[in-house]
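Analysis of the macromolecular model
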Amino acid sequence: MTTTLRPEHPEELRPGGGRSRRWLICVNGRPVGGLRTTATPYGDQRWGEISELEVGSGQRRGRATVGALAAEEVLRAWGCRRVDVTVPAENDAALALAEALGYTERMRNMAKSLAELPPLPSRLTVRPIGPERYEGWLEQAKAGYLHDLAASGLGERQARAKSDADHLRLLRDGHATPGTALRELTDAQGVLLGTLWLTLRQDQLPNGEALAWVMTVAVEPAHRGHGHGRTLMLLAERECLTAGVAQLGLNVFSSNAVAIRLYESLGYRVTRRVLGKSLA
């Protein structure tokens, strides 16, 4: 039997030269499943993604394997040098397939339902990051993101291009970007302890409920190990509930074991895993 990909819909052009297409997985010309390939440009490089992978019930796992490998060839032809797949937390079969194809986890999504305003330590002060502090904060945020992207396996050029593009998209109006909370945490003497970047109402859950997103939690190096990361996360939860949002999500890079333990201790659960590999 021969397994191939066949276009299901016309190719979709994306901003900046990106492209996406939905494909049928066919066995001897008969559709047995489908998937989508997407190429997103970052600078002069393209980042690939395989999504919407499904194979009909009763079909052997090998059909999904061949379909995924064929999708990788499509992405190579589109100029992609890396590819990601996103696996729901409860889908053990999809995770096993991705790992068998050489993908390694580089990031996970976690989420929590919020109910009550958590208290903050009374000796600490929270204040907005205004125009006088924004550029310095942004430089540090980009540096931290570059470090995490490199640790997850990206090359320097691709990591820098993705960092620049993501920050430009998410902070289009700088510190005054609508729906964005930028906060500093200081002690009683005004010493900076850490910062929070929170995006409110960024997504919607399948039931239509708003989902806020923690973009960064950063504790100053000299003040780590004193619970300030936990305080910043509690601050994020307070900001969400005050804005009328009861669902909070975040990304955490798999190499950041300290942050993962913190989020788990606060009741966050894994919802999706992002795995990637090189196509070079």
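Described in the following lines is the structure provided in the data block. What you see is a predicted model, and the numbers here were worked out from it, not measured in a lab. (Residues numbered from 1 in each chain as written. Predicted model: local features only at pLDDT ≥ 70, side-chain atom pairs only at ≥ 80, totals over all residues. Heavy atoms only, no water.)

With respect to the pattern of salt bridges
All told, the structure shown has 19 salt bridges when counted by the stated rule. One salt bridge connects E54 with R22, and the closest N-O pair in it is separated by 2.7 Å. Taken together, the positions of E54 in strand β5 (residues 45-55) and R22 in strand β3 (residues 18-27) put the pair 32 residues apart, joining distant regions of the chain. Here E54 falls in the partly exposed class, since its relative accessible area comes to 45%. Measuring nitrogen to oxygen at the nearest pair gives 2.8 Å for the salt bridge that ties R127 to E184. (Salt bridge = Lys/Arg side-chain N within 4 Å of Asp/Glu carboxyl O. Helix = DSSP H or I, 4+ residues; strand = E, 2+ residues; numbered from the N terminus. Buried < 20%, exposed > 50% of the residue type's maximum accessible area, 1.4 Å probe, protein only.)

What about the pairing of β3?
Counting buried positions along β3 gives eight out of 10 residues, so the element sits mostly inside the fold. Here five bridges tie strand β1 (residues 3-7) to β3, and the two strands are oriented antiparallel to one another. Opposite T3, over in β3, you have V27 as the bridge partner. Bridging between strand β2 (residues 12-14) and β3 involves three bridges; their strand directions are antiparallel. Looking at β3, one finds that L13 is bridged to R19. Counting the residues that bridge the hairpin from β2 to β3 gives three residues, and of these G16 lies at a positive phi of roughly 75 degrees. (Pairing = 2+ DSSP bridges.)

Here's the deal with the packing of aromatic side chains
All chains considered together, the criterion is met by five aromatic pairs. Taking 5.6 Å as the distance between ring centres and 85 degrees as the angle between the ring planes, the aromatic pair formed by W137 and W197 counts as edge-to-face. Of this pair, W137 sits in helix α3 (residues 131-151) while W197 sits in strand β10 (residues 192-204), placing them 60 residues apart in sequence. Residue W137 is classed as buried on the basis of its relative accessible area of 1%. The buried category is assigned to W197, whose relative accessible area is 2%. Judged by centre distance (6.3 Å) and plane angle (65 degrees), the rings of Y263 and Y268 are edge-to-face. As far as the burial class goes, Y263 and Y268 line up, both buried. Three or more aromatic residues link up through ring pairs in this structure, and these residues are Y134, W137 and W197. Here the guanidinium or amino end of K162 rests over the ring plane of W47, the centre of that ring lying 4.9 Å away. (Phe/Tyr/Trp six-rings, centres within 6.5 Å; stacked < 30°, edge-to-face > 60°. Lys NZ or Arg CZ within 6 Å of the ring centre and 35° of its normal.)

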